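# Topology and contacts: notes
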Amino acid sequence: MDLRFATKCIYGNLEKNDKDPTGSISFPIYQTATYAHPEVGKSTGFDYSRLQNPTRQHLEEVVASLEQGVDALAFSSGMAAITALMEIFKPGDHLITDADLYGGSIRLFNNISEKNGITFSHINCSEENVESYVKENTKALFIETPTNPMMNVVDIRKMAAIARRHNLLLIVDNTFMSPYFQNPLALGADIVIHSGTKFLGGHNDTLSGFVITNSEEIAEKMRFIIKTVGSGLAPLDSWLILRGIKTLPLRMEKAQENAKAIVEYLLAEPKVKHVYYPGIEGSAAYEVCKSQARGFGSMLTFEVESRELALHILKHTKIIPFAESLGGVETLLTYPCTQTHADVPEDVRIANGITECVLRLSAGIEDKEDLIADLKYAIDSYDGYKALYI
Ligand SMILES: *Cc1c(COP(=O)(O)O)cnc(C)c1O
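Owing to the predicted nature of the structure, the values given are computational and were not obtained by experimental measurement.

## Re the sheet that holds strand S8 (residues 272-276)
The strands that make up a sheet are held in pairs by hydrogen bonds between backbone atoms, and each pair lies either parallel or antiparallel. Pairing is antiparallel in the open sheet, where 4 strands are placed in the order S8-S9-S11-S10. Both outer strands of the open sheet, S8 and strand S10 (332-334), are each paired with one neighbouring strand and no more. Within the sheet, the average angular offset between the axes of one strand and its neighbour, ignoring direction, is 25°. Of the strand pairs in this sheet, S10 and strand S11 (residues 358-362) are connected by 3 bridges, and their pairing is antiparallel. Bridge pairing in S11 places Leu 333 opposite Leu 361.

## Describing the environment of Asp 237
Secondary-structure assignment places Asp 237 in helix H8 (residues 235-246). Relative accessible area serves as the criterion here: at 27%, Asp 237 is assigned to the partly exposed category.

## Considerations on the environment of Ser 231
With respect to the helices and strands, the residue Ser 231 is situated in the loop between helix H7 (216-229) and H8. Judged by its relative accessible area of 15%, Ser 231 is buried. Separated by 151 residues in sequence, Ser 231 and Ala 80 have C-alpha atoms that sit 6.4 Å apart. Aside from chain neighbours lying at most four places away, what touches Ser 231 is Ala 74, Phe 75, Ser 76, Ala 80 and Ile 226.

## Concerning H7
When the terminal C-alpha atoms of H7 are compared, their 20 Å separation across 14 residues agrees well with the 20 Å that a helix rising 1.5 Å per residue should span. Those residues of H7 that fall on the buried side of the exposure criterion are Ile 218, Ala 219, Met 222, Ile 225 and Ile 226. Taken down its axis, H7 places every buried residue within 125° of arc, on the same side. Counted as exposed and oriented over 90 degrees from the buried face of H7: Glu 216, Glu 217, Glu 220, Phe 224 and Thr 228. Buried residues in H7 make contact with helix H2 (54-66), strand S1 (71-75), helix H3 (78-86), strand S5 (169-173), strand S6 (191-195) and strand S7 (209-213). The positive-phi residue at the C-terminal boundary of H7 is Gly 230, with phi of around 75°.

## Comments concerning the domain arrangement of the protein
Assigned domains within the protein: domain 1 (12-245) and domain 2 (248-383). Every contact between the two is made by 39 residues of domain 1 and, on the other side, 38 residues of domain 2. Buried area between domain 1 and domain 2, summed over both chains or domains, comes out near 3300 Å², and the portion from carbon and sulfur atoms is 60%. Seen at the junction of domain 1 and domain 2, the total is 0 salt bridges. Listed by contribution, the elements that provide at least two residues to the side of domain 1 that touches domain 2 are helix H4 (103-113), helix H5 (156-165), helix H6 (178-181) and H8. Classifying every residue of the side of domain 1 that touches domain 2 gives 21 nonpolar, 13 polar and 5 charged.

What counts and how
- Residues numbered from 1 in each chain as written.
- Predicted model: local features only at pLDDT ≥ 70, side-chain atom pairs only at ≥ 80, totals over all residues.
- Heavy atoms only, no water.
- Pairing = 2+ DSSP bridges.
- Helix = DSSP H or I, 4+ residues; strand = E, 2+ residues; numbered from the N terminus.
- Axes fitted to C-alpha atoms, helices over the stretch in contact; angles between N-to-C directions.
- Buried < 20%, exposed > 50% of the residue type's maximum accessible area, 1.4 Å probe, protein only.
- Contact = heavy atoms within 4.5 Å.
- Expected span 1.5 Å × (residues − 1).
- Arc of directions from axis to C-beta.
- Domains from an automatic or database assignment.
- Buried area = accessible area lost by both parts, 1.4 Å probe.
- Salt bridge = Lys/Arg side-chain N within 4 Å of Asp/Glu carboxyl O.
- Nonpolar A, V, L, I, M, F, W, Y, C, P; charged D, E, K, R; others polar.

In structure tokens form, the structure reads like this:
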């Protein structure tokens, strides 16, 4: 049966779904490290939970169905997923990555992958001629779209065409859009990454990460890697992410609605110099985003008139916590220059536009009127405090 998205969030692909013999509606948490074998040479299909666990497997099937992949692998965090993925490359390989990526990915590439003999060209994939950076040893393109935190939109179909021409893998970190709004595999990507900590889990309570692919060959390599490096997701955490995914469509719609309302408020606020959100009509990002995604998401970044105002806002919101992360039911404000992007070299950070005046907001599912009132209070109260900062 060809199920639609919200149904898949609850049941995965029905035909793959192992029904529990008790009729349990909630998929059981198989809290076991190991499994008894019926006899020598026979297995129930489960041998040891580093290799596979029924709860993790069910989650992997649900996520594979949402991203239209042949296989998905669940890891203990998004960074564990990306670290494991880098094991498919070898010393001497070269990767082209977008310069504006999640800070943890940049830290991994620059400090660990490079030490392992992999080289990188970090470029602006939405503006530069990506093809001119392809070398003989280039093996993959690694992008995020929209990018974190500057919300640049990269044309996935265009990147896929370049990847095909040069026999490269196209890897897309789809965390910001979630599979609800965007499916890179359907647009020509080979591998999709998620930090499941964000929208998939959705409650700011559990870490997880995913590698999803539509290639049996890559899936087989990744299965070998996950059992070897041992960073698969634990059973209880798999269950928490499964529960989060059941409400993914409802949360994404509400969070997007809130983001749009906040964007409107910020655009009218004189102390806000710039708002970065792909859903603002008239921008190049808007057109590309519209052509490849079913929505614009709930992530937005804005630049205020001074560093002092940015710090003031972070200190004076009453509802919205100042915290790292995104994609949960709680709206969060993040300060990229000292949080998510603190380890990005300063010149690169500034070149990407991540100044000390830039704040990132992940809209949650609260009442939008309360969120706007909270931001307005934090911004408006600045004038009274201004004298204290100077
Ligand atoms: C958070 C994040 C990651 C890392 O995921 P963790 O679950 O925190 O390890 C990777 N990519 C993007 C875009 C992210 O937002």
